[in-house]
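Remarks on the overall topology
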Amino acid sequence: MEPIMSQIWSRVCQRLYRTSVNPRRSHSGCAEHAAVPASTNSRHTRPTLLVSRLYQPSNLRDVGQDSRSQGEMTCKSQRLMLQAGLIHPSNAGCYYYLPATVRSMEKLMRIIDEEMQGIGGQKLDMPSLCSAELWKTSERWDLMGKELLRLKDRHGVSYCLAPTHEEAVTTLVAHQTTLSYKQLPLLLYQITRKFRDEPKPKFGLLRGREFYMKDMYSFDVSEEAAYQTYEAVCHAYTRLFARLGLRCIQVQADTGNIGGKLSHEFQLPADIGEDRLLVCGNCSFSANVETMSSDSTDCPQCKTGTLVESKGIEVGHTFYLGKKYSDLFNATFSNAQNKPSVAEMGCFGLGVTRILAAAIEVMSTEEAIRWPGLLAPYQVCVLPPKKGSKIDQVAVLAEELVHTLGETLPGLRGEVVLDDRTQMTFGKRLKDANILGYPYVIVVGQRALEETPRFEVICQQTGETMFLSQDGLLDLLGRVETV
Ligand SMILES: [Zn+2]
C-alpha cells in the first residue's frame, strides 16, 4: 500500500475497533459490570449480571461497631447506604462510593448534563488544585477561614483544594482577549470533586469533606441578560427535580461569602435538614430564615398569608454576581461598538452527591431504600426459584427472561440483574431486593409452570403486585424511563 493509504487504513481500523469496544453501544453490556457468561445456557453469549458477583457488600463491617471510623450514625440515608453496600467510610467525612452508587451518580450526572446543555451550557473541567494567588486577589483566601482546605507544594507555594471556581473560571475567560458579545451568554460548567474542611462531618454523604458538585458560571453582556440567564438556570433546576420526582422549594437566600446581589437556594424539605425555611401558605413566597430581618410571621409578599417554618436540605444554590469577579480579573468582551466591556456574571451550584443522599433520605422507609426511578442503580431484579425446589425447572425461564428484556428493550440494556443466589429462599432474596429498592422485582415461581407462563411483578415504588405474561411484562417495562 502507498504510505498515505496505509495511514488512512490504520485510522479506519482504529475507529472500527473503538466502535466495537464502546461499552455503551456494545452488545455485551458494560465492561465494568460483574458480567459473566451464564454457565447453564451456552446458546447465549451475552453475559448476565449476577447478584452473587456484584460488588455490593452489605455490612462490610457491623455498623454498630467501630463508630469512630464510621462517623457518627446521624441519619437514615447514611445508615441505609452503609447497610446496603452503597458506601463505605474511609477517613472522617470521606467515603468509598461503591459500584451501585457510581452507577446511580453517573445517571444523575447524565440528567444534569442534559438539563445544563439544554440551556446552552458547555462542559469543561478545571483543576482542583488552585493557587493561593488567585484566591488572595478576590480576598477569599482570608474570608473563607478554616473551611478552605489548604496545602503547600515542595517549593513552599500555597494552594487550596477548591470548593468553588469563580476565580479560576473568570481568569480563564479573561485570558480570551477576543471574546465577542456575539458569543454571549457563555455558560461554562463542570461536575467535579470539591473539598471543604468540615469541622464535624456528619449525615454521611450529606455533609462530607469531599463530594461532587456541578458548578456553572455565566457571562452576559448586560444586567438584564444576566437576569434572563439566571431565570433559565432556575427553570432548568426546577425541571431537573421534577424529573427526579423530588419536591424542591426555591427560597430566597443569603449571598454569603460568594457575594453578589441576588441568590436562591433549592431545598428539599426533610426533618434532618440543617436549614430553616419560612414558607407562605398563601402565595409562592419562601425564604431562608437567615435572610429575614424581622421575627414577624406575616408574609412580606402577599401581606395576608402566614409564614410556617420547616427544615430543608440545600441541594442547589444560585447567585447573581454582577461584576464582582469580572471587574477584579478583567473578564471583558468586545461589545457591538467594538469596545471592551466587563461581563455580568452568575454562578450556579448543584450538590451531586448530596442530591443522591437527600433523595434516599426523603424517599426511603426506615428499612428500605427507595430511589428516584431514573437513579436506581438497576431497574429490574429477576428471581429464579430455590435450587432443589419442586419448581426448579423454571429457572431456565428466569435466565431467558433476563436476556429477552435486555434484547427487546434497549432502555433496559445493562439494567436487569439475576439474583442467582438460589441456595436462598424467595423470601430471603425478596427481603434483600426490598432493601436495595430495585423499582421492579420479577419472581419466576409456581405460575411460570402454566401453559402461558405468568411472572409475579412487584413494583416497589408503588407497592403493587401483579401477574403478567411475558408480553404483558414487556409492555410494562417498555414504558420504564432510563438515562
Ligand atoms: Zn404570601
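A brief look at the structure comes next. (Residues numbered from 1 in each chain as written. Predicted model: local features only at pLDDT ≥ 70, side-chain atom pairs only at ≥ 80, totals over all residues.)

Time to look at the overall build of the protein chain. The number of helices and strands found in the protein chain is 13 helices and 23 strands. By residue count, 38% of the 483 residues in the protein chain fall in the buried class. If you take every contact in the protein chain between residues at least 6 apart in sequence, the share linking residues at least 24 apart comes to 66%. (Helix = DSSP H or I, 4+ residues; strand = E, 2+ residues; numbered from the N terminus. Buried ≥ 20, exposed ≤ 12 C-beta atoms within 10 Å, placed from the backbone. Contact = placed C-beta atoms within 7 Å.)

Counting 96 residues, the largest nonpolar core has Leu 356, Val 380, Val 382 and Ile 442 as the members making the most contacts within it. Per-element accounting of this core gives the leading share, eight residues, to helix α10 (residues 352-363). Split by domain, the residues of this core number at least three in each of domain 1 (31-56 + 378-477) and domain 2 (99-363). Among residues more than four places away in sequence, those in contact with Val 382 are Ala 398, Leu 401, Val 402, Val 416, Leu 418, Asp 419, Ile 442 and Val 444. (Core = buried A, V, L, I, M, F, W, Y, C linked by C-beta atoms within 7 Å. Domains from an automatic or database assignment.)

Secondary-structure assignment places Lys 339 in the loop between β16 (332-334) and β17 (340-342). Taking the number of C-beta atoms within 10 Å as the measure of exposure, Lys 339 has 9 and is therefore exposed. Considering only alpha carbons, one finds Lys 339 and Ser 180, 159 residues apart in sequence, at a separation of 9.8 Å.

Below, the discussion takes up the packing of helix α4 (residues 99-118) against α10. Following both chains from N to C, one finds α4 and α10 inclined at 115 degrees, their axes separated by 10 Å at the closest point. Regarding the angle of α4 to α10, the classification is roughly perpendicular. Where α4 crosses over α10, the handedness of that crossing is right-handed. Contacts from Ser 104, Met 105, Leu 108 and Met 109 of α4 reach α10 at Val 352, Ile 355 and Leu 356. Its residues assigned to classes, the contact of α4 with α10 shows six nonpolar, one polar and no charged. (Axes fitted to C-alpha atoms, helices over the stretch in contact; angles between N-to-C directions. Parallel < 35°, antiparallel > 145°, perpendicular 65-115°, else oblique. Left-handed = near helix turned anticlockwise from the far one by under 90°. Nonpolar A, V, L, I, M, F, W, Y, C, P; charged D, E, K, R; others polar.)

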